[in-house]
Amino acid sequence: MAALSAGRAAAAGLLRAQSLGAWRALGTSATLLQQAQAKSHRAEGTFQVTMLPGDGVGPELMHAVKEVFKAGNVPVIFDEHHLSEVQNTASEEKLDRVVDSMKESKVALIGKIHTPMEYKGDLASYDMRLRRKLDLFANVVHVKSLSGYQTRHNNLDLVIIREQTEGEYSSLEHESAKGVIECLKIITRAKSQRIAKFAFDYATKKGRAKVTAVHKANIMKLGDGLFLQCCKEVAELYPKIKFDTMIIDNCCMQLVQNPYQFDVLVMPNLYGNIVDNLAAGLVGGAGVVPGESYSAEYAVFEMGARHPFAQAVGRNIANPTAMLLSASNMLRHLNLEYHSNMISDAVKKVIKGGKVRTRDLGGYSTTSDFVKSVIDNLHPNYGA
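Moving on, we get to the packing of aromatic side chains. What the rule picks out here adds up to six aromatic pairs. Pairing Phe200 with Phe243 gives two aromatic rings, centres 5.9 Å apart and planes at 45°, and the pair type is tilted. In this pair, Phe200 sits in helix 6 (residues 189-205) while Phe243 sits in strand 9 (residues 242-247), placing the two residues 43 residues apart along the sequence. Measuring from centroid to centroid gives 6.4 Å for Tyr294 and Phe301, while their planes differ by 80°, and the two rings are edge-to-face. An identical accessibility class is assigned to Tyr294 and Phe301; each is buried. Site record: aromatic cluster; members linked through ring pairs are Phe137, Phe198, Tyr294 and Phe301.

Here we come to the packing of helix 8 (residues 248-257) against helix 9 (residues 269-283). Viewed as axis vectors pointing N to C, helix 8 and helix 9 meet at an angle of 10°, and their least axial separation amounts to 10 Å. As judged from the angle between their axes, helix 8 and helix 9 are roughly parallel. Taken together, the residues of helix 9 that come into contact with helix 8 (itself represented by Ile248, Cys252, Leu255 and Val256) are Tyr271, Val275, Leu278 and Leu282. Per-class residue counts for the contact of helix 8 with helix 9 are eight nonpolar, no polar and no charged.

In total, this model carries four cavities of 30 Å³ or more according to the counting rule given. Each pocket or cavity is described by its volume, and for the largest cavity that value is around 50 Å³. As for the largest cavity, its lining consists of Thr50, Leu52, Val98, Met102, Ala108, Ile110, Leu130, Arg131, Leu134, Leu136 and Val300. Put simply, the parts of the chain that give the lining of the largest cavity at least two residues each are strand 1 (47-52), helix 4 (92-105), strand 3 (107-110) and helix 5 (126-133). Residue composition of the lining of the largest cavity, by class: nine nonpolar, one polar and one charged.

The final tally for this structure, using the stated rule, is zero disulfides. Here Cys230 is not cross-linked by a disulfide; its sulfur's nearest cysteine counterpart is in Cys231, at 7.1 Å. Free of any disulfide, Cys251 has its nearest cysteine sulfur in Cys252, 5.7 Å distant. Taking the relative accessible area as the measure of exposure, Cys251 reaches 0% and is therefore buried.

This part is about the sheet that holds strand 3. By way of backbone hydrogen bonds, the strands of a sheet pair with one another, either parallel or antiparallel. A sheet is described by the order of its strands in space; here 10 strands give the open sequence 2-1-3-12-11-4-5-10-8-9, paired in mixed fashion. Only two strands of the sheet have a single neighbouring strand rather than two, namely strand 2 (76-80) and strand 9. Ignoring which end each strand starts from, the neighbouring axes of this sheet average 25° apart. Two elements, strand 4 (residues 138-144) and strand 5 (residues 157-163), share seven bridges in a ladder whose sense is antiparallel.

Moving on, we come to the packing of helix 10 (residues 321-333) against helix 11 (residues 337-353). Between helix 10 and helix 11, the least distance of the axes is 7 Å, while the angle of their chain directions is 160°. As judged from the angle between their axes, helix 10 and helix 11 are roughly antiparallel. As helix 10 runs across helix 11, the sense of the crossing is left-handed. Listed contacts from helix 11 to Thr321, Leu324, Leu325, Ser328, Asn329, Leu331 and Arg332 of helix 10 are Glu337, His339, Ser340, Asn341, Ile343, Ser344, Val347, Lys348 and Ile351.

Criteria and cut-off values
Residues numbered from 1 in each chain as written. Predicted model: local features only at pLDDT ≥ 70, side-chain atom pairs only at ≥ 80, totals over all residues. Heavy atoms only, no water. Phe/Tyr/Trp six-rings, centres within 6.5 Å; stacked < 30°, edge-to-face > 60°. Helix = DSSP H or I, 4+ residues; strand = E, 2+ residues; numbered from the N terminus. Buried < 20%, exposed > 50% of the residue type's maximum accessible area, 1.4 Å probe, protein only. Axes fitted to C-alpha atoms, helices over the stretch in contact; angles between N-to-C directions. Parallel < 35°, antiparallel > 145°, perpendicular 65-115°, else oblique. Contact = heavy atoms within 4.5 Å. Nonpolar A, V, L, I, M, F, W, Y, C, P; charged D, E, K, R; others polar. 1 Å grid on protein atoms, 1.4 Å probe; cavity = no way out; pocket = protein on both sides within 12 Å on 5 of 7 lines; lining within 4 Å. Points joined across faces, edges and corners; volume = space filled by probe spheres on them. Disulfide = S-S within 2.5 Å. Pairing = 2+ DSSP bridges. Left-handed = near helix turned anticlockwise from the far one by under 90°.

On their own, these measurements won't tell you what the molecule is for.
Here's what the structure looks like:
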């Protein structure tokens, strides 16, 4: 018994050590960021942020962010880079430039970098390669109902945490025999423990009461079984947070029937991708849900449900809500609380008013109309 207790204590210590850097990135990121940027940015009183507009309506949404930031005198300078497989502007050299920019800024605002389905000799997309280079292991999507926009389920407030550096997105595929393709799903103890610890730390810091581990261990007994076991081990370190588990297919049904039962959900890569999109649909769709991704050192802010919305390009109809809320979350990460609240409050006021709505929310307003309305609702005395 003594040996068992000692082993558990050692495991607990290891888990705390593994997650310390990740949670510091989330909990004390502003302090670390300001120290890193002190020499190059404090003198000007501004923050440098890496920007990747991406594909589809990404450039239009980034333009919306720039317009709102300009109107609100937000002290941010964007270091803009273009990386697109669709437009053939992606290369290792450009990817390295983005990484170099991130090493300096530590923070990025990005659009969807679309991944073509055609195989062109490399299984890993540039989007996946960027996330791996930065080790952006934790994707966080806060799904919350917007006041004034009615859906089937109102007053929703749940968080989806997705491990996004392994699993089905490991880019390990090969043809073992003619007409037979093997696609490998990689689950490791270290990364499963890391994302589980991140989820429980997030729940603790944000005052959340429950964490649900989503899996398919009844079928993938070893892979998802390992993920589930790691979540259970980590849960023992957090006795004040309720822990339960749910099979992925049942989880999808429960989200549609009774989403109020969920608080924080943690899951492997592919399940997270699917559930992110399903949950976004519960509150209005891809255009209204912000997202963010973390490593121990970097923070990337993006749309929660990643869609290029290519059919809307150039038509001035895309909903900028999700990107503006992501930008607001980015400002909060930078410890620019006033500017963050100013923008998020303005966006939510426009939604609640109901007079200016883009087509995805049942209205007829353009992207420009929405942006103008947000700017009109920024703090009237700011910058006076």
